[in-house]
2 protein chains.
Amino acid sequence: MREEREDRCGSRVIHRDLVEAAKDSALSAGEREGLADLFKALGDGSRLQILWALTQRELCVCDLAAALGASESAVSHQLRLLRSLRLVANRREGVVLYYRLADEHVARLIRLALEHVRE
Amino acid sequence: MREEREDRCGSRVIHRDLVEAAKDSALSAGEREGLADLFKALGDGSRLQILWALTQRELCVCDLAAALGASESAVSHQLRLLRSLRLVANRREGVVLYYRLADEHVARLIRLALEHVRE
DNA sequence: TGTATATTTGAGCAAACATTCAGATAGAGG
DNA sequence: CCTCTATCTGAATGTTTGCTCAAATATACA
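Keep in mind that what you see is a predicted model, and the values were worked out from it rather than measured.

Rules of the game
- Residues numbered from 1 in each chain as written.
- Chains lettered and ligands numbered in written order.
- Predicted model: local features only at pLDDT ≥ 70, side-chain atom pairs only at ≥ 80, totals over all residues.
- Helix = DSSP H or I, 4+ residues; strand = E, 2+ residues; numbered from the N terminus.
- Rg over C-alpha atoms; globule rule 2.2 N^0.38 Å.
- Buried ≥ 20, exposed ≤ 12 C-beta atoms within 10 Å, placed from the backbone.
- Contact = placed C-beta atoms within 7 Å.
- Domains from an automatic or database assignment.
- Axes fitted to C-alpha atoms, helices over the stretch in contact; angles between N-to-C directions.
- Parallel < 35°, antiparallel > 145°, perpendicular 65-115°, else oblique.
- Left-handed = near helix turned anticlockwise from the far one by under 90°.
- Nonpolar A, V, L, I, M, F, W, Y, C, P; charged D, E, K, R; others polar.
- Near = placed C-beta within 6 Å.
- Least-squares fit on C-alpha atoms with pLDDT ≥ 70 in both.
- Pairing = 2+ DSSP bridges.
- pLDDT = per-residue confidence, 0-100.

## Quick notes on the overall build of chain A
Working step 1: A tally of helices and strands in chain A yields six helices and three strands.
Working step 2: Mapped from its N terminus to its C terminus, chain A presents α and β elements in the order α-α-α-β-α-α-β-β-α.
Working step 3: Over its C-alpha trace chain A gives a radius of gyration of 21 Å, far above what one expects of a compact globule, namely 14 Å for 119 residues.
Working step 4: Out of the 119 residues in chain A, the part that is buried amounts to 35%.
Working step 5: Partitioning the contacts of chain A with sequence separation of at least 6, the portion at a separation of at least 24 is 44%.

Structure (structure tokens):
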């Protein structure tokens, strides 16, 4: 069961062919970073609440803050992050900025994840 | 456009009805935490590589470490996190532990997210 | 029983992060 | 031009997180 052992360079490998196969089909650095940034953005309770609220309808910053029970500054910081990843977009009406989801992907991701969370 | 203004308790609200609607359909605390934990687990390059490799076939710890170019200790720590969230499961064969995805949800989440990342 | 191997564990540390606070913009209306 | 309001921004802070290193398990095998 140990025919393919190797030990040089301090990195132990039991199944060399499987390691090579895994490396071949690995995510590219760009894909990895893009995925990590996307999931990181979703991996926070406040941002999840923001995005979930925006699933229903567009909302302005202070309504979002009121709905979450968070400060407007905190919400604004989060929205900036979400905007930089193009997960949300906004529309100005006078002094008020209305935020909405930039596309359907995020909503689908959250709904799919909810299925898993609910077992 | 400002008929529903309110200002008490320092929390400004422009559209009171929309805020109430958002609160009504908000995620429960449990859902929020479950989702955040799940997405947080996916929001890391190393864990993504591990999970992506496991979408193809089960692998043991040191092969995973070799495929990622990471230390076995680091991989083991990540696997413990993933195991605690029931995202991966393992099978022992002698001294060697083979890890696999616990179910199809994670793979589907990553594939869906990849679609978004690839624009 | 003793050694070797695969993996786990815990402490410690540096980097990344979320929130707060105070102050800066930017549009609306007088 | 001045003020008000909605939002943004940057610095500071306390917390979380991912890694490393050293040491502990656990199983196989002599």
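## Concerning the domain arrangement of chain A
Working step 1: Assigned domains within chain A: domain 1 (1–35) and domain 2 (43–117).
Working step 2: The straight-line distance from the C-alpha centre of domain 1 of chain A to that of domain 2 of chain A is 38 Å.

## Section: the packing of helix H3 (residues 45–56) of chain A against helix H4 (residues 61–68) of chain A
Axis angle and axis distance: for two packed helices, these are the angle between their axes and the distance between the axes, and together they describe the pair.
All names here are of chain A.
Working step 1: As a packed pair, H3 and H4 sit with axes 10 Å apart at the nearest point and diverge in direction by 120°. The pairing of H3 with H4 is recorded here as oblique in orientation. As H3 runs across H4, the sense of the crossing is right-handed. Two secondary-structure elements touch here, H3 through Ser46, Gln49, Ile50 and Ala53 and H4 through Leu64, Ala67 and Leu68.
Working step 2: Of the residues in the contact of H3 with H4, the class split is five nonpolar, two polar and no charged.

## Topic: the protein's contact with DNA strand D
Working step 1: Close contacts around DNA strand D come from 25 residues, with Cys60, Val61, Cys62 and Ser76 of chain A together with Gly94 of chain B the closest.
Working step 2: At the level of elements, H4, helix H5 (72–84) and strand E3 (96–101) of chain A together with helix H5 (72–84) of chain B are the ones that each hand at least two residues to the surface near DNA strand D.
Working step 3: When residues in the surface near DNA strand D are grouped by element, the largest group, six residues, is from H5 of chain A.
Working step 4: For the surface near DNA strand D, the per-class residue count stands at 11 nonpolar, nine polar and five charged.

## Some words on the relation of the copies chain B and chain A
Working step 1: Between chain B and chain A, which share one sequence, the superposing operator has a rotation angle of 180° and an axial displacement of 0.0 Å; the RMSD is 0.1 Å. Between the two chains, the operation in question is that of a two-fold axis.
Working step 2: Same-surface contact between copies: 98% of interface residues of chain B are shared with the interface of chain A.

## Some thoughts on the protein's contact with DNA strand C
Working step 1: The environment of DNA strand C is formed by 25 residues, the closest being Gly94 of chain A together with Cys60, Val61, Cys62 and Ser76 of chain B.
Working step 2: Broken down by secondary-structure element, the contributors of at least two residues to the surface near DNA strand C are H5 of chain A together with helix H4 (61–68), H5 and strand E3 (96–101) of chain B.
Working step 3: Taken together, the residues of the surface near DNA strand C break down into 11 nonpolar, nine polar and five charged.

## Focus: the sheet that holds strand E2 (residues 88–93) of chain B
Residue and element names in this part refer to chain B.
Working step 1: Across the sheet, which stays open at both edges, the three strands sit in the order E1-E3-E2 with antiparallel pairing between neighbours. Across the chains shown, the open sheet's two edge strands, defined by having one partner strand only, are strand E1 (59–60) and E2.
Working step 2: As judged from the two bridges shared by E1 and E3, these two strands associate in the antiparallel manner. Bridged to cysteine 60 within E3 is tyrosine 98.
Working step 3: Each of E1, E2 and E3 is contacted by helix H3 (residues 45–56), which is oriented at about 90° to E3, the strand it contacts most.

## Section: the interface of chain B and chain A
Interfaces are often described in size by the accessible area the parts lose on coming together.
Working step 1: Counting residues at the interface gives 48 residues for chain B, matched by 47 residues for chain A.
Working step 2: Mapped by element, the contributors of at least two residues to the side of chain B that touches chain A are helix H1 (16–24), helix H2 (29–42), H3, E1, H4 and helix H6 (105–117) of chain B.

## Structural notes on the confidence of the model for chain A
Working step 1: This prediction gives chain A a mean pLDDT of 91; 91% of its residues lie at or above 70.
Working step 2: Every residue in residues 1–10 of chain A is under pLDDT 50, and counting partners more than four places away or in other chains gives eight contacts.

## Section: the packing of H4 of chain A against H5 of chain A
Residues and elements named next belong to chain A.
Working step 1: Orientation of H4 relative to H5, taken along the N-to-C sense of each, is 110°, at an axis distance of 9 Å. Judged by the angle between their axes, H4 and H5 are roughly perpendicular. Seen from above, H4 lies across H5 with right-handed handedness. Taken together, the residues of H5 that come into contact with H4 (itself represented by Val61, Cys62, Leu64, Ala65 and Leu68) are Glu72, Val75, Ser76 and Leu79.
Working step 2: Broken down by class, the residue content of the contact of H4 with H5 amounts to seven nonpolar, one polar and one charged.

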